[in-house]
Structures are given as C-alpha cells and as structure tokens.
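Residue-level listing of the chains:
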Amino acid sequence: EPFSSTSVFPPSNVTVTASDTVFKFCSQNLLAGGIFSLSSSSQSPDSKWMTVAQAWLSDIYGITSIVFLFVVVFYLFLRVLYNFIVMIFYGTYKHTGEDQKEKYSEVPSINAYVPRIVSEEYNYPLIACKLDRIDNEFIGWEDPDRGFEFYNLTHDVEKILGAPPSTHVFSEIQHWPPEENPTSLSQLE
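Everything numeric in this text was worked out from a predicted model, so none of it was measured.

### As for the packing of aromatic side chains
How two aromatic rings sit relative to each other is set out by the distance from centre to centre and by the angle between their planes.
Logical step 1: Applying the stated rule across the entire model yields nine aromatic pairs.
Logical step 2: On the numbers, 6.2 Å between centres and 80° between planes, the contact of tyrosine 122 with tyrosine 151 is edge-to-face. With tyrosine 122 in the loop between β1 (116–117) and β2 (126–127) and tyrosine 151 in the loop between β2 and α3 (153–161), this residue pair connects regions lying 29 residues apart in the sequence.
Logical step 3: In this structure tyrosine 151 comes out as buried when scored by relative accessible area, which is 3%.
Logical step 4: Measuring from ring centre to ring centre gives 5.0 Å for phenylalanine 150 and tyrosine 151, while their planes differ by 90°; the resulting arrangement is edge-to-face.
Logical step 5: Each residue in the set Tyr122, Tyr124, Trp141, Phe148, Phe150 and Tyr151 is aromatic and connected to the rest through ring pairs, giving one cluster.
Logical step 6: One Lys or Arg, arginine 146, reaches over the ring of phenylalanine 150 and ends 4.2 Å from the middle of that ring.

Listed below in structure tokens is the structure:
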C-alpha cells in the first residue's frame, strides 16, 4: 500500500495534564547568534540545560581557550618581530658547505675583481685603479709584450693633469696576503 502521512500518523487530539512531563525544545546551537560564547552564560535563564558542574567546566574550558589563543598569537607575533629585527640588524645569511681550509692567496686559478674598462682599441682591458697594493697574479690576464702599467689609466691621468688624481677618481683595491704561521692575535689583524 502507498505511504501516506495519515496512515502512519492518524489525526488525533493531544491532551496535557498537570501531572504529565513537559518537554521543551532546547537549542544548543551557540553560533546561532553569530557569536560563539565561551561560558555557560549563553544558556537562557528559562532553559538551563547544563548542570552546575557542566557549567563550571564549560567556563573553565572557555577561559583556558581564550588564554591559550592569546599565548599562541602573542608567541607568533614575537617570533615574527624577532625574525624581522634579526634580518634588519644581522642579516639572514646561512652558510652552506664546509671550510675547505684553502687560503684565497694560495688558489692558483682565482682572480680578484680589478676595475677595468674594455676598449676595442686595445687587446687587453684598461685598468681603472692603482696596482701598488695588489699582487699582479690576481689580475687574471697578462700581456707578454707590455706590463700592466701600460694599461693602467692612473698614469694617463697623472700625465694629463700633471698631478696624481684625487682618491675619488679611481677605485681602491688592496690585498692582504696571510702571514705564514701567525703566533699572536696582533699578527692576525
């Protein structure tokens, strides 16, 4: 036979007397108001559905949740602030690899950055700094016919001006070779 509501629930009258137990709808949806309440005070006074112990635990849980949330947010804020300050004052460089115990001056294939100007008029670049504080082996090239001084522009400026150029015209370059077996801290400086 087909299902119909009248066959399952026939229409009838309901009678309630003073001795009957009355049940009331209790909405436990605490988000219905748009705000989640963290305490037992969200129960309406006319329909308390928590016991005193449940209400007390609910209040303790709510306060603990707020405190824990505050501590986590405060910790994250301090961590971001600390990383920002470290990045500003100390940088964020992290080395990779191991110290190979090779001194810069002892690597035969290494070249120093020497300021230079490439010109199509010359086979080698023109040197734009004084070379008196660097070993010529770090320049990275060598003309077999002429020395480095031929390509050094500081000499040309001296000839043109009749005096040495000011210190602001050319770059400064210097190399401090390590001492053999330093014995004190003063020799390391």
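### Some remarks on the pattern of salt bridges
Two side chains that carry opposite charge are able to pair once their charged atoms sit near each other.
Logical step 1: Tallying each qualifying case throughout the model produces two salt bridges.
Logical step 2: Between lysine 101 and aspartate 99 there is a salt bridge, and its shortest N-O distance comes to 3.5 Å.
Logical step 3: Since its relative accessible area comes to 56%, aspartate 99 is described here as exposed.
Logical step 4: With a closest N to O distance of 3.8 Å, arginine 133 and glutamate 172 form a salt bridge. In this pair, arginine 133 is assigned in the loop between β2 and α3 and glutamate 172 in the loop between α3 and α4 (185–188), connecting sequence segments 39 residues apart.
Logical step 5: We classify glutamate 172 as exposed; its relative accessible area is 59%.

### Quick look at the nonpolar core
Soluble globular proteins: nonpolar side chains tend toward being buried together.
Logical step 1: Counting 17 residues, the largest nonpolar core has Val114, Ile127, Leu131, Ile134 and Ile139 as the members making the most contacts within it.
Logical step 2: Mapped onto this core, the elements with two or more residues apiece are β2 and α3.

### Thoughts on the side chain of threonine 154
Logical step 1: Of note, threonine 154 is situated in helix α3.
Logical step 2: Within polar-contact distance, the side chain of threonine 154 engages the side chain of asparagine 152 at 2.7 Å.

### With respect to the side chain of histidine 175
Logical step 1: Among the secondary structure elements, histidine 175 is positioned in the loop between α3 and α4.
Logical step 2: Within the structure, histidine 175 has its side chain in polar contact with the side chain of serine 105 (distance 2.7 Å).
Logical step 3: If we skip the residues at most four places from it in the chain, histidine 175 touches Tyr104, Ser105, Arg133, Ile134 and Phe138.

### Points about unusual backbone geometry
Logical step 1: Positive phi is not limited to glycine here, since lysine 101 has a value of about 60°.
Logical step 2: Tracing the chain through its elements places lysine 101 in the loop between α2 (52–89) and β1.
Logical step 3: Under the relative-accessibility criterion, lysine 101 is labelled exposed at 70%.

Basis of the calculations
- Residues numbered from 1 in each chain as written.
- Predicted model: local features only at pLDDT ≥ 70, side-chain atom pairs only at ≥ 80, totals over all residues.
- Heavy atoms only, no water.
- Phe/Tyr/Trp six-rings, centres within 6.5 Å; stacked < 30°, edge-to-face > 60°.
- Helix = DSSP H or I, 4+ residues; strand = E, 2+ residues; numbered from the N terminus.
- Buried < 20%, exposed > 50% of the residue type's maximum accessible area, 1.4 Å probe, protein only.
- Lys NZ or Arg CZ within 6 Å of the ring centre and 35° of its normal.
- Salt bridge = Lys/Arg side-chain N within 4 Å of Asp/Glu carboxyl O.
- Core = buried A, V, L, I, M, F, W, Y, C linked by side-chain atoms within 4.5 Å.
- Polar contact = N/O pair within 3.5 Å; in protein donor to acceptor, adjacent residues only side chain to side chain.
- Contact = heavy atoms within 4.5 Å.

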